[in-house]
Amino acid sequence: MGPAAVTIAWAPSREASVNRPGGGYEVAIGGLEPIDVPYASGTAAPTSTTVTLPSGTHAVTVRAYGALDATGGTTRTFSAASQVLAVRLK
Amino acid sequence: MIRASIASLVAVFLLIGDDVGRLAVVRTAAAQRVGTGYVEGELIVRFKSAAAGPHAAVAMRGHAVVPSQGAANWVHVRVSPAESVAQALATYRNDPAVESVQPNYIYRAHALPNDAQVSQLWALRNTGQAVVSSSYSPNAGTAGDDMNLERAWDHITDCSSVVVAVLDSGINYNHEDLAPNMWAGGSAFPRHGTDFVDNDDDPMDANGHGTHVAGIIGAMGNNGTGVAGICWQANIMAVRVLDAQGFGTTASLTQGVNFAVGHGAKVINMSIGGASFDPVLSAAIADAATKDVAVIVAAGNDAANVDGGAAEYPCAFKHANLLCVTALDQQYALAAFANYGAASVDVGAPGTNILSSAALQTWNITDGFNTFGALDWTSAGGWASRPLSLGARSIDVLANPATFPSGTYASGADQRVYKAFMLPPGTSATLSFSVQHALLSGDSLMVGYRVGTGDPFASGALLQTFTGTSNGTMGPFVYDISACTGSPCTVGFRLSSGAASGAQGVAISAFQINVTGPSNVSYRVLNGTSMAAPQASGLAAMLRAYNPQYTSADVINAISASGRPVASLAGRTTSGRAIDAMSSLAHINPPTGLAATFH
């Protein structure tokens, strides 16, 4: 089996800063460039992204980010990474 | 069905991948800006060269240039009403003449309230200031050892969407800095709460503790008056569970928790402690957890290890919705009185020299017994006002005989001296003084008072009779004269002697009358973990107001996991951290519930 489209989804963040302009999620898939899933509009940032992955096993993690930082500025603050999701494509 | 789901996912992906996605990239590049958001309908466009004709490039898109005194190669653009900022960004991004394009971001000044005494509030902004009327030492702070509120207030000051119940001695809900921020209980609870001490609907504070706690959480900020709470606008429910002496019971506390939970509170502050494990109160707090209510409690003031045999409840309860707070001083050392416990106490917060709203005011009336050296009390003889050396200093005393400590008082005497004082209205009044006396057997010094004027020994109440010889100056002796509040009050002394003579006599000093009464305009400094817990309760309300989807568990996690590591709390609390408002606002939990769908 060759490359396949996979939708990665996660539960929405309850943090307001994630669901406002400047917030969103970053999806990390082992060996690939991280995928930015920013807030776009409405009440919440998107909670899924669809990617095409080659066959094999891929470790997927997601971090949420918000526009606030602990010093009061608006540099992105990231959450810790989610638990790893192993995506296996035969 | 599957096809429909995929279609919707693709639509979302396209949206992310196009304009809005690029907008996010631009915003990230401008990460140094302060504040959030941007002006709808406006852009800032930098052109590679001013000679390229920026105005023409703007006009050809149907946009307008807003006059600005900027550099020649950037322009402030107002886009057409039909376009979003994201759409307008895209129209410039691919233009080879454009260096960069960005939204017109919004900035604002760091928020500081204008309240009259805000400079005293070191917990909110520690500049190293000493607190006037301090009662805890050290009273010299370390700049920056604070809860980082100045930054947090840039983002939120209004917590009024979250009801905070203060279970305490009640609240003076008429106080100038609290009245606008009290819970509206409707016709059922018109006095902003309820009272499980007197079992009525009036939680007026007869002690002062609860009013001080409430002010820390939510004294109205930026009103030019008094102090500012963590929350400038708040929604404070007064639940009286402690009596005028500051004591409560399982029954009053449990009813208080149940009332707060049942009437919409999402944060409960209990600056309260007892030594016994209390299963009924524990069950009430557990029930609050099921209703998504966070309970913030004080660690206690015994300088003891809560986990080491000096258990303090509710602090030592292990409910997930409970946060126990200990007190830090102005240098972020653990306060000398503060309890601690690596398994029970969660975080630290400022708890010394804390200025907040006061329910009561005390008026002090002192008297030196003379006017320009002459006795100004009514006397038929024997008594005089004179200076008396006490160690290195001299004080005015009311003496009999006038030569005290030389000479002897008269025999066969009934010598009275008294004076009327006009006391202000209040709820209580006390008389205090010190006395030195040497009286022969059978002789006495009586102390009396009467409501009104005239000889208090002719018609009045006897407070005490002194006999024999004192060991130097003794006192102060304190007496309740509350019956006098709001009236003239005559206080007198009476020396009664028999036929013998030869003793030194009496000297009265440090005469003082204190009247305490309600006040809507007073503030005072207090110390205690009772003052630390409401700092966390205010922050809990702020976090829940900022993050409306937060649960009580989210609130407690954001406070305890995002605080500032403090050496004095390491190994003495579960987190080793002091609460930090900005860090907690910026806290983000890791995503959960990852799943993959194959197409």
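Residues numbered from 1 in each chain as written. Chains lettered and ligands numbered in written order. Predicted model: local features only at pLDDT ≥ 70, side-chain atom pairs only at ≥ 80, totals over all residues. Heavy atoms only, no water.

Chemist: I keep staring at the overall build of chain A and nothing clicks. Help me out?
Modeler: On a plain count of helices and strands, chain A comes out with 0 helices and 7 strands. Overall, chain A shows an N-to-C arrangement of helices and strands of β-β-β-β-β-β-β. For chain A, the spread of C-alpha atoms along the three principal axes comes to 50 × 25 × 20 Å. Split into buried and exposed, the 90 residues of chain A put 50% on the buried side. In chain A, once contacts between residues fewer than 6 apart in sequence are set aside, the share between residues at least 24 apart is 58%. Element-wise, carbon and sulfur atoms account for 56% of the exposed surface of chain A, whose accessible area totals about 3,700 Å². Averaging the locations of the 6 positively and 5 negatively charged side chains of chain A gives two centres separated by 11 Å. (Helix = DSSP H or I, 4+ residues; strand = E, 2+ residues; numbered from the N terminus. Buried < 20%, exposed > 50% of the residue type's maximum accessible area, 1.4 Å probe, protein only. Contact = heavy atoms within 4.5 Å. Areas by Shrake-Rupley, 256 points an atom, 1.4 Å probe, with all protein chains shown as cover. Lys, Arg positive; Asp, Glu negative; His and termini not counted. Charge placed at Lys NZ, Arg CZ, Asp CG, Glu CD.)

Chemist: Looking at this structure, how should I read the overall build of chain B?
Modeler: When its secondary structure is counted, chain B shows 11 helices and 27 strands. Computed over the C-alpha atoms, the radius of gyration of chain B is 33 Å, more than 25% above the 25 Å expected from 2.2 N^0.38 for a compact globule of 599 residues. For chain B, the C-alpha atoms occupy an extent of roughly 115 × 60 × 50 Å along the three principal directions. Relative to its 599 residues, chain B shows a buried fraction of 53%. Total accessible area computed for chain B in this model is approximately 23,500 Å², and 54% of it derives from carbon and sulfur atoms. Taking the average place of the 28 positive charges on the side chains of chain B and the average place of its 40 negative ones, the gap between the two points comes to 8 Å. (Rg over C-alpha atoms; globule rule 2.2 N^0.38 Å.)

Chemist: For this particular structure, what's the right way to read the state of the cysteines?
Modeler: Should the sulfur atoms of two cysteines be covalently bonded, the bond is a disulfide. Residue and element names in this part refer to chain B. Overall, the coordinates contain 3 disulfides over all chains when judged by the stated rule. Disulfide pairing places C159 opposite C231 at an S-S distance of 2.1 Å. On the sign convention where negative means left-handed, the S-S torsion of about -90° between C159 and C231 marks this disulfide as left-handed. You can see C159 sitting in strand β5 (residues 158-168) and its partner C231 sitting in the loop between α6 (209-218) and β7 (233-240), a full 72 residues away along the chain. C231 carries the same exposure label as C159, and that label is buried. Disulfide pairing is shown between C484 and C489; the S-S distance is 2.2 Å. Across the disulfide from C484 to C489, rotation about the S-S bond amounts to roughly 70°, and the bridge is consequently right-handed. Here the two residues C484 and C489 agree in accessibility, since each one is buried. Cysteine pairing for chain B, with bonded cysteines counted in sequence order: 1-2, 3-4, 5-6. (Disulfide = S-S within 2.5 Å.)

Chemist: Looking at this structure, I do not really get the sheet that holds strand β6 (residues 193-195) of chain B. What am I missing?
Modeler: Adjacent strands of a sheet pair through backbone hydrogen bonds, lying either parallel or antiparallel. Residues and elements named next belong to chain B. The strand order across the open sheet built from 9 strands is β6-β7-β5-β8-β9-β10-β11-β26-β25, with neighbouring strands paired in mixed fashion. Only two strands of the sheet have a single neighbouring strand rather than two, namely β6 and β25 (564-565). As defined by bridge partners, β5 adjoins strand β8 (residues 265-270) across 4 bridges and the pair is classed as parallel. Among the inter-strand pairings, A165 is bridged to a residue of β8, identified as I268. (Pairing = 2+ DSSP bridges.)

Chemist: When you look at helix α10 (residues 552-561) of chain B in this model, what are you seeing that I'm missing?
Modeler: It helps to recall that an α-helix has 3.6 residues per turn; residues three or four apart then point in one direction. All names here are of chain B. Counting buried positions along α10 yields 7 of 10 residues, so the element is predominantly enclosed. All of the buried residues in α10 are S552, D554, V555, I556, A558, I559 and S560. Tucked into the core, α10 has its buried residues touching β9 (294-298), β10 (322-328), β11 (347-350), α9 (529-546), β26 (577-578) and α11 (581-586).

Chemist: Is there a simple way to think about empty space enclosed by the protein in this case?
Modeler: It is a probe the size of a water molecule, rolled over the atoms, that shows where empty space is left. Residue and element names in this part refer to chain B. Within the structure shown, the criterion is met by 2 cavities of 30 Å³ or more. Approximately 100 Å³ is the volume attributed to the largest cavity. What lines the largest cavity is a set of 14 residues, and nearest its centre among them are L121, L124, A228, I354 and L355. A total of 3 residues in the lining of the largest cavity trace back to one element, the largest contributor, which is strand β12 (residues 354-366). Taken together, the residues that form the lining of the largest cavity break down as 9 nonpolar, 5 polar and no charged. (1 Å grid on protein atoms, 1.4 Å probe; cavity = no way out; pocket = protein on both sides within 12 Å on 5 of 7 lines; lining within 4 Å. Points joined across faces, edges and corners; volume = space filled by probe spheres on them. Nonpolar A, V, L, I, M, F, W, Y, C, P; charged D, E, K, R; others polar.)

Chemist: Explanation requested: the environment of D198 of chain B in the structure shown.
Modeler: All names here are of chain B. Within the secondary structure layout, D198 lies in the loop between β6 and α6. Here D198 falls in the partly exposed class, since its relative accessible area comes to 48%. Separated by 59 residues in sequence, D198 and N139 have C-alpha atoms that sit 39 Å apart. Within polar-contact distance, the side chain of D198 engages the side chain of R240 at 2.9 Å. (Polar contact = N/O pair within 3.5 Å; in protein donor to acceptor, adjacent residues only side chain to side chain.)

In short, the description is geometric, and any link to function would need to be established separately.
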